[in-house]
There are 2 protein chains.
Amino acid sequence: MGTVLGPGDSTLARTGSDHVRAWFASDGVTQASEKELDHRLDRMAREFLQAREASTDISLAELAGYFRESRVPEEPADLKAYLSALAEPVVRHSTHTASPRFIGHMTSALPYFVRPLSKLVTALNQNMVKSETAKALTPLERQALAMMHRLVFGCPDEFYEKHQDDHGSTLGAVVSGGTVANMTALWCARNAALGPVEGFAGVEQEGLAAGLRAHGHTGAVVLASSLAHYSVQKSADLLGLGSRGLVKVPTGPDGRLDLPELRRVLHDCRRARQRVIAVVGVAGTTDTGAIDPLPEMAEIASEAGVHFHVDAAWAGPLLFSEEHRHRLAGIERADSVTMDGHKQLYLPMGIGMVFLRDPELARCIEKQARYIVRPRSVDLGKRALEGSRPAMALFLHAALSLIGRRGYGALIDEGIRKTRYLAGEVRRRPDFELLTDPVINIVVYRHVPARWRPKAWAPADNAALNAHNERLQKAQRRAGRTFVSRTTLDHTRYGQTLSIVGLRAVLANPLTTESDIDAVLEDQAAVAQSLAN
Amino acid sequence: MGTVLGPGDSTLARTGSDHVRAWFASDGVTQASEKELDHRLDRMAREFLQAREASTDISLAELAGYFRESRVPEEPADLKAYLSALAEPVVRHSTHTASPRFIGHMTSALPYFVRPLSKLVTALNQNMVKSETAKALTPLERQALAMMHRLVFGCPDEFYEKHQDDHGSTLGAVVSGGTVANMTALWCARNAALGPVEGFAGVEQEGLAAGLRAHGHTGAVVLASSLAHYSVQKSADLLGLGSRGLVKVPTGPDGRLDLPELRRVLHDCRRARQRVIAVVGVAGTTDTGAIDPLPEMAEIASEAGVHFHVDAAWAGPLLFSEEHRHRLAGIERADSVTMDGHKQLYLPMGIGMVFLRDPELARCIEKQARYIVRPRSVDLGKRALEGSRPAMALFLHAALSLIGRRGYGALIDEGIRKTRYLAGEVRRRPDFELLTDPVINIVVYRHVPARWRPKAWAPADNAALNAHNERLQKAQRRAGRTFVSRTTLDHTRYGQTLSIVGLRAVLANPLTTESDIDAVLEDQAAVAQSLAN
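Parameters at a glance
Residues numbered from 1 in each chain as written. Chains lettered and ligands numbered in written order. Predicted model: local features only at pLDDT ≥ 70, side-chain atom pairs only at ≥ 80, totals over all residues. Helix = DSSP H or I, 4+ residues; strand = E, 2+ residues; numbered from the N terminus. Rg over C-alpha atoms; globule rule 2.2 N^0.38 Å. Buried ≥ 20, exposed ≤ 12 C-beta atoms within 10 Å, placed from the backbone. Pairing = 2+ DSSP bridges. Domains from an automatic or database assignment. Contact = placed C-beta atoms within 7 Å. Nonpolar A, V, L, I, M, F, W, Y, C, P; charged D, E, K, R; others polar. Least-squares fit on C-alpha atoms with pLDDT ≥ 70 in both. Axes fitted to C-alpha atoms, helices over the stretch in contact; angles between N-to-C directions.

## Here's the deal with the overall build of chain A
Point 1. Of regular secondary structure, chain A possesses 19 helices and eleven strands.
Point 2. At 26 Å, chain A has a C-alpha radius of gyration in line with the 24 Å of a compact globule built from 533 residues.
Point 3. The C-alpha extent of chain A, read off along each of the three principal axes, is 75 × 70 × 45 Å.
Point 4. When the 533 residues of chain A are sorted by exposure, 63% land in the buried category.

In structure tokens, the structure reads:
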């Protein structure tokens, strides 16, 4: 195996740089090694993808024991030995995110074409920061961004003809994930809100403290519902507003931002001469999938002259569904929108997107350098948080082409249908209680042991129920047959004084069937039973 | 082909969700489709990787013409048609970053094992934000970070035993690239510099303006050489200091930061009650590969009580070389260090790293959420700029194991040796002028047509020489046979009053031979000749 798999493999160090170079070659010997390795890793991947259970039952502490060595190996490892270590512990104990019974997070099985495409993306090794290192991928990414921009904002043909490839325009950015997308949007919003005025060159140049002084503000804040993703708070810290610069607007028991509260907070900020950098609407909260009242928020933000950002990292792809896209009405009035490719676009991890309604907005974050991203270039790195980055846009482009609007629509419809099935089963079974009526494909419920039934428990029992559900979720996770996550809801039909620990299911995997859903609930009942014994 | 390649392919929309689901399955039919697609993409990749020339000669405008449609396709594309479009224009006109004659940017050929590994990483689809979705990859990443931390800081065994897997410790972070690594380091530095004091909860909570007031500063700045990467300026803007919050310290003609100037700037900042958030040392400037005087800078920063960050995105891997690691002496005194995997660690695009000497430093950026990243978890997303992200650490782990310290050392040595060869050739040829003595594997030179020889031109000729070299680089790029980049140097042996346009070569590709280097110079001479005609 040694001679086929690694040109020069463990003799590398003894024989010097010729062998190192051989690993990079595209000649027959290296191609044969690559093919052989590919074959072996494919076999590992195939087994991994066929797993039905959510994970193995090894403990985290035991698993960590495999990875204790903290020195870079002096000599190259034997490839055969490394492949064994890849097989076990790495692949064997990785989380089965593609399992139809792993319905606890926003990861899923992926369409088959993304795996071969990954290899192509790596082989091309393009760097999207500038067109000199991404000649064809630059217009391809601009096209994919235009398609998504059009899906969100629906501007006319002329708009895309003008802006898609214009060096002065930025329809959006492909970024590493939703967090960087939210940061990018709020960065643009901050720099636009505190732009140049007489005697002040703008916050981009002079910084936040000077910006507040020049504009006569006592502080700057972002407003979002208390259920906004924690990346909004992270952005507030990063951008210099402080974590408390995210003002959390209360929600109703349905998880949607409370509009009168938003108006009140805006009013209070104005009175305190706080500059509101942005109002953030959530389209699909991480907790329960709730969608904020976007049209009304757009109106309120517009009246107040404030940037309106919509974090649609999760629910954005509802736009593909004839049946469900109406739930995102108002998103077209946003100034910026976040979406995630590795969530409901079913792309590999590592692709987020931000879309900007005004193609000139991102000029307020523009940076240049003399070795790259020069002023009149079409380089994508000119107005972006990240620098060098991979051609993840190829996955997006391929999926938009190969799945198409109707294909994505069908995936969305199917996930929501199955979520309703789960909710129905939870309602039907006496040992479970539904905590949220699912709006999209996330549902939160809990297990209620017999002694707390019928559900006429006193509030004082809630702590015990919470502890029970936390224990249950941890034991279920440890056992590894099925998986849901857990969260804590502060505002439910029981009011705002009880924090309720819930089991959280996300129905995004197209492979999950009704019988898998039944199996998850039955597994939870069985785990609960064994905890009781 | 249709029946093998796409289960349900273009009939998807007509036949509904069953076919959509089939694309995600791991059954025999989908496996056969995946295998067939893999085979076809492999063939494309193989041809691509065998290209000797740097790129094709299609113009950017013509290329953009292929990507004009701005609507998401309604129905799924025919897979055969999509593959044709992938072959040409996408793959055919992608930049040949692996070509031995593409020696202009920090991209290179990659070792063969990263391509099959890409597919495995996508198949595993782990989300590194928390261990629930990255059970084995979490300790694997922590191990890879510890290995690199040890390479940089060389702490004793007990240190790694204590901190490697401790939920309260952060030895570093794997991020999407060097830019985010620098941002993360400076974010930590800012939050630590303006931490909680009596009556103030810290900049993380209360923001920058309040932080400056509470600490009695008039402003906050970062100090770095004028040749620091533009991501440092981007960070200064993002963090609220403003682009001008990056105070650029002059360099000598060798591109290294001027120490007396640094002392002077520090003194001026102190007098103006400006808080210096960090002093940034560059280990390998993008322009010329210069390495700042790190030991002296560490001393100065330490005396001033200021965070010392080293941006070693490019030159960090010199630490693997017995011959050259001495050039990075002083890096072990840094508080934080940036490195890039997709540069001289020869990993695919999309992996940067930041390392922190103090494992508790990152607590000042910690965020939590109730669905993930809870307080006592080992979740990697707790103290990180990004949220969901792919298991890029697997590439790092594999390469450290399979290439080892000596393998990487040989690659580094070889690149520097070849750079000296190029510099020698430039010196030897009358039509070229060496602008920088290479320290590592970057060299800047220019073409000097006969009419400006012997090199006794008047300063007034410099503009014409600049224009000539810019034209030359653009024509060379357009022709596509070979590639170097270009930059502008402000401080050379000609002093600081002349800005000089230079041709910039980066010798990172292990496949580049002396004859490739000769071919690049000869191509430039030929392009210059044809421009003259």
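## A word on the pairing of strand β11 (residues 500-506) of chain A
Residues and elements named next belong to chain A.
Point 1. In terms of residue burial, β11 counts as a mostly covered element, since seven of its seven residues are buried.
Point 2. Because side chains alternate across β11, one face comprises the buried residues Ile500, Gly502, Arg504 and Val506, and the other comprises Val501, Leu503 and Ala505, equally buried.
Point 3. For strand β9 (residues 442-447) and β11, the ladder comprises four bridges, and the chain directions are antiparallel. From the neighbouring strand, Val444 faces β11, where its bridge partner is Arg504.
Point 4. With five bridges connecting them, strand β10 (residues 485-489) and β11 associate as antiparallel partners. Looking at β11, one finds that Thr487 is bridged to Gly502.

## Some thoughts on unusual backbone geometry
A negative phi angle is the norm for most residues apart from glycine, just as the trans form is the norm for most peptide bonds.
Point 1. Here the amide bond leading from Glu88(A) into Pro89(A) is cis, since omega sits at 20 degrees, within 30 degrees of zero.
Point 2. Take Pro89(A): it is sitting in helix α6 (residues 79-91).
Point 3. Of note, Asn125(B) is a non-glycine position whose phi angle comes to about 45 degrees, a positive value.
Point 4. Among the structural elements, Asn125(B) can be located in the loop between α7 (114-124) and α8 (137-153).
Point 5. One non-glycine residue, Arg273(B), lies in the positive phi region at around 55 degrees.

## Observations concerning the domain arrangement of chain A
Point 1. Each assigned domain of chain A is listed with its residue range as follows: domain 1 (2-96), domain 2 (127-151 + 171-195 + 217-402) and domain 3 (407-532).
Point 2. Taking only C-alpha atoms, the centre of domain 1 of chain A and the centre of domain 2 of chain A are 38 Å apart.

## Concerning the interface of chain B and chain A
Point 1. On the side of chain A, 150 residues touch chain B, which itself brings 150 residues to the contact.
Point 2. Of the residues forming the side of chain B that touches chain A, the biggest block, 13 residues, is contributed by helix α4 (residues 28-50) of chain B.
Point 3. Looking at the side of chain B that touches chain A residue by residue, the classes come out as 72 nonpolar, 48 polar and 30 charged.

## Things to note about the pairing of strand β3 (residues 246-249) of chain A
Point 1. Relative to β3(A), strand β2 (residues 219-225) of chain A runs parallel, the two being bridged by four bridges. Bridged to Leu223(A) within β3(A) is Val247(A).

## Overview of the relation of the copies chain B and chain A
Point 1. Mapping chain B onto chain A leaves a residual RMSD of 0.0 Å; the transformation is a rotation of 180 degrees accompanied by 0.0 Å of translation along its axis. Accordingly, the operation relating the two chain copies is best matched by a two-fold axis.
Point 2. A shared binding surface is used by both copies, with 100% of the interface residues of chain B retained as interface residues in chain A.

## A few points about the sheet that holds strand β5 (residues 307-311) of chain B
Strand-to-strand pairing in sheets goes through backbone hydrogen bonds, with the strands running parallel or antiparallel.
Residue and element names in this part refer to chain B.
Point 1. The seven strands are arranged β1-β7-β6-β5-β4-β2-β3 in an open sheet whose pairing can be described as mixed. The two strands at the open ends of the sheet, each matched to only one other strand, are β1 (172-175) and β3 (246-249). Recorded for the sheet is a direction-independent mean angle of 20 degrees between the axes of neighbouring strands.
Point 2. Inspection of the sheet shows β1 paired to strand β7 (residues 352-356) by four bridges, in the antiparallel sense. Bridge pairing in β7 links Val174 to Met353.

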